[in-house]
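Examining the three-dimensional arrangement
Here is how the chains run, residue by residue.
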Amino acid sequence: MSNTALIVGASGIIGSNLAQELLAHGWPTYGLARSPRTDVPGLHPVPADLLSPGSLEAALQGLAPTHVFITSWMRQDTEAENIRVNSQMVRNLLAALAPKKSVQHVALVTGLKHYLGPFEAYVSGGTPPPTPLREEQPRLPLDNFYYAQEDEVYAAATRDGFTWSIHRPHTIIGKAVGNLMNLGTTLAVYASICRETGRPFRWPGSEAQWNGLSDVTDARIIAKQLRWAATTEAAQNQAFNIVNGDVFRWSWLWPRLAAWFGVESAGFDGTIRPLEAELSQDAAVWREIAERHGLAEPDLDRLASPWHTDLDLGRPIEVMTDMANSRKRGFLEYQSTEESFLDLFAQLRTDRLIP
């Protein structure tokens, strides 16, 4: 049987890279979003509102996907609202697809907040989880919208008879404009501002993150894992961590990123210096840089998400991830983290998003 993919959140970092991965392997691929991308050749846009059952029913009419990939979420002011809204999105989607009886597999992308707790919890510390983080670790006794989304998938799988996979990336490194959580592009914009203004490229985060071990997830490698899990019997009904496969210390990587931009690197000096505050007065600076260099996006807020970068780099613990569950089932892909960043920077420059 031929595979037909429906990607929810095809406009985001993960969804757009997954679309390219599936299309390259011959999958008819549909991208559902409120404002679907039209710049991925071969991707069929499906405009729909996940919070509106009527909108979903109309948008999915005539479409019978075999594989569904849920890669998006909507940020709310509280975790209770995150749970309500994001579980409803998954529930509405799978209910709209149920009468078609076409779905064979549903993949849900969540993340390491499964182990670290929601934003409010993992920033404040508390009892840190043991690292490397492993899929076998139990849920935390905290409200978490990831758990609510998982439960919606499990319930629909029992009802409709499809298999599932859960994918838990660390920080995603990849290109997307207008994304709420984009550390790679945020650092590229910050370094570009530093070069244009003569400021040092100063480490914004904690000592634990500066000196501790870490890892990240290239958008291209999670796309490969999503395709692998969707078509591999041994991967059915499993949760998988997904990172590049190497570990690094920011104290090693930070100067290398600075060197790519030709800026002065400044490491941890005993004080956390949040990037959100550092960039708070730079909207006009970026607009002037964009105009002078003919860049495609003059709005700093469309490119940089310093609030999320601060959450990642300000953690009071080191964070790294175990990949054994997918490794022993045959997923052996590897991606150099330094190349993840440098490839992204080169792409951003080619696409005229940074000077």
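For the structure itself, consult the block above.
First, a word on what this report is: a plain description of the structure on this page.

Each value, and the rule that gives it
- Residues numbered from 1 in each chain as written.
- Predicted model: local features only at pLDDT ≥ 70, side-chain atom pairs only at ≥ 80, totals over all residues.
- Heavy atoms only, no water.
- Helix = DSSP H or I, 4+ residues; strand = E, 2+ residues; numbered from the N terminus.
- Contact = heavy atoms within 4.5 Å.
- Areas by Shrake-Rupley, 256 points an atom, 1.4 Å probe, with all protein chains shown as cover.
- Lys, Arg positive; Asp, Glu negative; His and termini not counted.
- Charge placed at Lys NZ, Arg CZ, Asp CG, Glu CD.
- Salt bridge = Lys/Arg side-chain N within 4 Å of Asp/Glu carboxyl O.
- Buried < 20%, exposed > 50% of the residue type's maximum accessible area, 1.4 Å probe, protein only.
- Pairing = 2+ DSSP bridges.
- Right-handed = clockwise from strand over helix to strand, strands pointing away.
- Expected span 1.5 Å × (residues − 1).
- Arc of directions from axis to C-beta.
- Phe/Tyr/Trp six-rings, centres within 6.5 Å; stacked < 30°, edge-to-face > 60°.
- Lys NZ or Arg CZ within 6 Å of the ring centre and 35° of its normal.
- Axes fitted to C-alpha atoms, helices over the stretch in contact; angles between N-to-C directions.
- Core = buried A, V, L, I, M, F, W, Y, C linked by side-chain atoms within 4.5 Å.

All right, on to the overall build of the protein then. Each helix and strand counted, the protein has 16 helices and 13 strands in total. Based on the C-alpha atoms only, the size of the protein along its principal axes is roughly 60 × 45 × 35 Å. For the protein, the share of sequence-separated contacts (at least 6 apart) that also reach a separation of at least 24 residues comes to 79%. Of the roughly 14,600 Å² that the protein leaves accessible, carbon and sulfur atoms contribute 49%. Charged side chains of the protein number 31 positive and 40 negative; the gap between the two group centres comes to 3 Å.

Before going further, it helps to spend a moment on the environment of Val103. As for its placement among the helices and strands, Val103 is situated in the loop between α3 (79–97) and β5 (105–109). Expressed as a C-alpha distance, the spacing of Val103 and Val68, which sit 35 residues apart in the sequence, is 7.2 Å. Setting aside residues up to four positions removed in sequence, Val103 forms contacts with Pro65, Thr66, Val68, Leu97 and Phe162.

Moving on: the pattern of salt bridges. Two side chains bearing opposite charge may form a pair once their charged atoms approach each other closely. Taken as a whole and assessed by the stated rule, the structure comprises 20 salt bridges. One salt bridge connects Glu338 with Arg256, and the closest N-O pair in it is separated by 2.9 Å. You can see Glu338 sitting in helix α16 (residues 337–350) and its partner Arg256 sitting in helix α10 (residues 250–261), a full 82 residues away along the chain. For Arg256, a relative accessible area of 37% corresponds to the partly exposed category. As a salt-bridge pair, Arg302 and Glu297 come within 3.6 Å of each other at their nearest N and O atoms. By relative accessible area, Arg302 is classed as partly exposed at 38%.

Our next topic: the pairing of β5. Within β5, five of the five residues are buried, which leaves it mostly tucked inside the rest of the structure. Taken together, the four bridges between strand β4 (residues 67–70) and β5 define a ladder with parallel strand orientation. When the sheet's bridge partners are listed, Ile70 is paired in β5 with Leu108. Regarding the hand of the β-α-β motif, the stretch spanning β4, α3 and β5 is right-handed. The pairing of β5 with strand β6 (residues 163–169) spans five bridges and is classified as parallel.

The terminal C-alpha atoms of α10, which comprises 12 residues, lie 16 Å apart, in line with the 16 Å expected from a rise of 1.5 Å per residue. Inspection of α10 places Trp250, Leu253, Trp254, Leu257, Ala258 and Phe261 among the buried residues, and these make up the whole buried set. The buried residues of α10 occupy an angular sector of 140 degrees when the element is viewed end-on, so they sit on one face. One or two positions beyond α10, positive phi appears at Gly262, with a value near 70 degrees.

Another point: the packing of aromatic side chains. For any pair of aromatic rings, the description rests on two quantities: the centre-to-centre distance and the angle between the ring planes. Enumeration over the complete set of coordinates arrives at 18 aromatic pairs. Both rings, one in Trp250 and one in Trp254, keep their centres 6.2 Å apart while their planes meet at 70 degrees; by these two values the pair is edge-to-face. On the criterion of helical spacing, the pair formed by Trp250 and Trp254 is a turn pair, its members being four residues apart in helix α10. The same class applies to Trp250 as to Trp254, namely buried. Through successive ring pairs, a cluster of aromatic residues spans Tyr190, Phe201, Trp203, Trp210, Phe248, Trp250, Trp254, Trp260, Phe261, Phe341 and Phe345. The ring of Trp307 carries the charged tip of Arg75 above its face, separated from the ring centre by 3.7 Å. Between the NZ or CZ atom of Lys113 and the centre of the ring of Trp73, over which it lies, the distance is 6.0 Å.

So, about the sheet that holds β5. What the seven strands build is an open sheet, ordered β3-β2-β1-β4-β5-β6-β11; its pairing is parallel. The sheet is open, and its two borders are formed by β3 (44–47) and β11 (238–242), each paired with just one other strand. On average, each strand axis in the sheet is tilted by 20 degrees relative to the strand beside it, whichever way the strands run. Along the sheet face, helix α1 (residues 13–24) touches β1 (5–8), β2 (29–33), β4 and β5 and points at about 165 degrees away from the line of β1. The strands touched by α3 are β1, β4 and β5; relative to β4, the strand with the most contacts, the crossing angle is about 170 degrees.

Turning to the nonpolar core, a few remarks are in order. By size, the foremost hydrophobic cluster in this structure holds 37 residues, and its most contacted members are Leu187, Phe201, Trp250, Trp254, Leu257, Trp286 and Phe341. Every element with two or more residues in this core is listed here: α7 (183–197), α10, α12 (283–293), α13 (300–303) and α16. Counting residues per element, this core draws most heavily on α7, which supplies eight residues. Every residue in contact with Phe341, bar those within four places of it in the chain, is listed here: Ile173, Leu183, Gly184, Leu187, Val216, Trp250, Leu253 and Leu257. Grouped together as the second largest cluster of nonpolar side chains are 30 residues, Ala10, Ile13, Ile172 and Val243 included.

This is a description of form; function is not addressed.
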